[in-house]
Amino acid sequence: QLETVALIGNLAAVEIARKETGEALRTANEYFRAIFDCSPLAIVNLDRDANVTMWNQAAERIFGWRRHDVIGKPYPAVPENGQAHFRKIFAEQIGGKGMSDLELRRRHKDGTVIYVNANTAPLKDAHGDSIGFISIMDDITAKKLARQEKKKLEDRLDQAQKMEALGTLAG
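Trainee: So what's going on with unusual backbone geometry? Which residues, and what values?
Mentor: One non-glycine residue with positive phi stands out, namely Ala50, at about 65°. In this structure, Ala50 sits in the loop between strand 1 (42–47) and strand 2 (52–55). Accessibility expressed as a relative area gives 3% for Ala50, which makes it buried.

Spelled out as structure tokens, the structure:
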């Protein structure tokens with residue numbers, strides 16, 4: 001009878017631990033979901049076949065595709081002329097090469113070119129096998145275009161100064 005009481009006590013302890021673990025898991029999932037949804041950065045997860053498995057609200061804003069339009073489908077934001085580079089980077093990520101920080105050219109749903117700074121990391125299952133990768137991206141289009149415009153203006157200023165110097169020399 002003591003064994004029965006001890007067994008019941010152990011079962012009760014296991015049930016309490018299971019409930020606490022379940023509650024901790026629910027809490028962790030809620031934290032993750034809140035971070036995922038409110039992040040100003042695009043968070044995109046791709047499986048081994050480059051199909052989208054996660055796409056947050058910032059990704060919708062940055063790329064233009066709605067979550068329900070991309071989940072389970074190939075990653076849509078790669079320009080046609082960037083497919084080879086994307087496949088190379090994707091293969092490196094799947095191969096577990098590690099984290100990367102890249103400036104990439106991507107495509108908005110409306111076809112316009114956008115630039116993102118992408119930080120990516122491979123994802124592995126419990127056995128260490130690659131299952132895809134996650135990428136957190138910041139839209140740097142405005143900064144990139146501003147840098148390009150600044151460079152053009154600097155080049156024009158340099159040209160004007162050279163012409164001025166030539167004029168002075170000729171005079």
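Now that the structure has been shown, the text picks up again.
Trainee: I'd like a description of the environment of Arg26, backed by residues and values.
Mentor: Residue placement: Arg26 occurs in helix 1 (residues 2–38). When the C-alpha positions of Arg26 and Phe63 are compared, they lie 30 Å apart, and in sequence the two are 37 residues distant. Engagement of the side chain of Arg26 in a polar contact is seen with the side chain of Glu23, the distance being 3.2 Å.

Trainee: Before we move on, could you go through the packing of aromatic side chains and cite the residues and values that matter?
Mentor: Considering all chains together, one arrives at 4 aromatic pairs under this definition. Ring centres of Trp55 and Tyr75 lie 6.3 Å apart, and the angle between their planes is 65°; this geometry places the pair in the edge-to-face category. Taken together, the residues Trp55 in strand 2 and Tyr75 in the loop between helix 3 (67–70) and helix 4 (83–94) connect sequence positions 20 residues apart. Plain terms: the ring middles of Phe63 and Tyr75 are 6.4 Å apart, the flat faces sit at 80° to each other, and that makes the pair edge-to-face. Highlighted residues: Phe63 in helix 2 (residues 57–63) and Tyr75 in the loop between helix 3 and helix 4, separated in sequence by 12 residues. Neither Phe63 nor Tyr75 differs from the other in exposure class; each is buried. Feature note: the residues Trp55, Phe63 and Tyr75 constitute an aromatic cluster, connected by ring pairs. Its guanidinium or amino end placed over the ring of Tyr115, Lys144 lies 5.1 Å from that ring's centre, counting from NZ or CZ.

Trainee: If you had to explain the sheet that holds strand 2 to someone new, which residues and values would you point to?
Mentor: On the basis of which strands lie adjacent, the open sheet formed by 5 strands has the order 2-1-5-4-3 and antiparallel pairing. The open sheet terminates on both sides in strands that have one partner only, identified here as strand 2 and strand 3 (100–107). Direction aside, the axes of adjacent strands within the sheet are offset by 30° on average. Helix 5 (residues 141–170) rests against strand 3, strand 4 (113–124) and strand 5 (130–139) of the sheet, and its axis sits at about 130° to strand 4.

Trainee: Give a description of the pairing of strand 4 that names residues and reports values.
Mentor: By the bridge criterion, 8 bridges tie strand 3 to strand 4 in an arrangement that is antiparallel. Looking across to strand 4, one finds that Arg105 is bridged to Tyr115. The loop that links strand 3 with its antiparallel partner strand 4 comprises 5 residues; one of these, Gly111, has a positive phi angle of about 95°. Sheet topology places strand 4 next to strand 5; 9 bridges connect them, and they run antiparallel. Of the residues in strand 5, the one forming a bridge with Thr120 is Ser135. If you look at the hairpin formed by strand 4 and strand 5, you'll find 5 residues sitting between the two strands, and Gly128 has a positive phi there, around 85°.

Trainee: Lay out the pattern of salt bridges with the relevant residues and their values.
Mentor: All told, the structure shown has 9 salt bridges when counted by the stated rule. Of the charged contacts in the structure, one is a salt bridge between Glu15 and Arg18, with a shortest N-O distance of 2.5 Å. Linking Glu15 with Arg18, this pair stays in helix 1, spanning 3 residues, or about one helical turn. The exposure class of Glu15 is partly exposed, given its relative accessible area of 32%. Since its relative accessible area comes to 52%, Arg18 is described here as exposed. Note that Glu60 and Arg66 form a salt bridge whose closest N and O atoms lie 3.2 Å from each other. When its relative accessible area of 44% is taken as the criterion, Arg66 is described as partly exposed.

Here is what the cut-offs are and how they apply
- Residues numbered from 1 in each chain as written.
- Predicted model: local features only at pLDDT ≥ 70, side-chain atom pairs only at ≥ 80, totals over all residues.
- Heavy atoms only, no water.
- Helix = DSSP H or I, 4+ residues; strand = E, 2+ residues; numbered from the N terminus.
- Buried < 20%, exposed > 50% of the residue type's maximum accessible area, 1.4 Å probe, protein only.
- Polar contact = N/O pair within 3.5 Å; in protein donor to acceptor, adjacent residues only side chain to side chain.
- Phe/Tyr/Trp six-rings, centres within 6.5 Å; stacked < 30°, edge-to-face > 60°.
- Lys NZ or Arg CZ within 6 Å of the ring centre and 35° of its normal.
- Pairing = 2+ DSSP bridges.
- Axes fitted to C-alpha atoms, helices over the stretch in contact; angles between N-to-C directions.
- Contact = heavy atoms within 4.5 Å.
- Salt bridge = Lys/Arg side-chain N within 4 Å of Asp/Glu carboxyl O.

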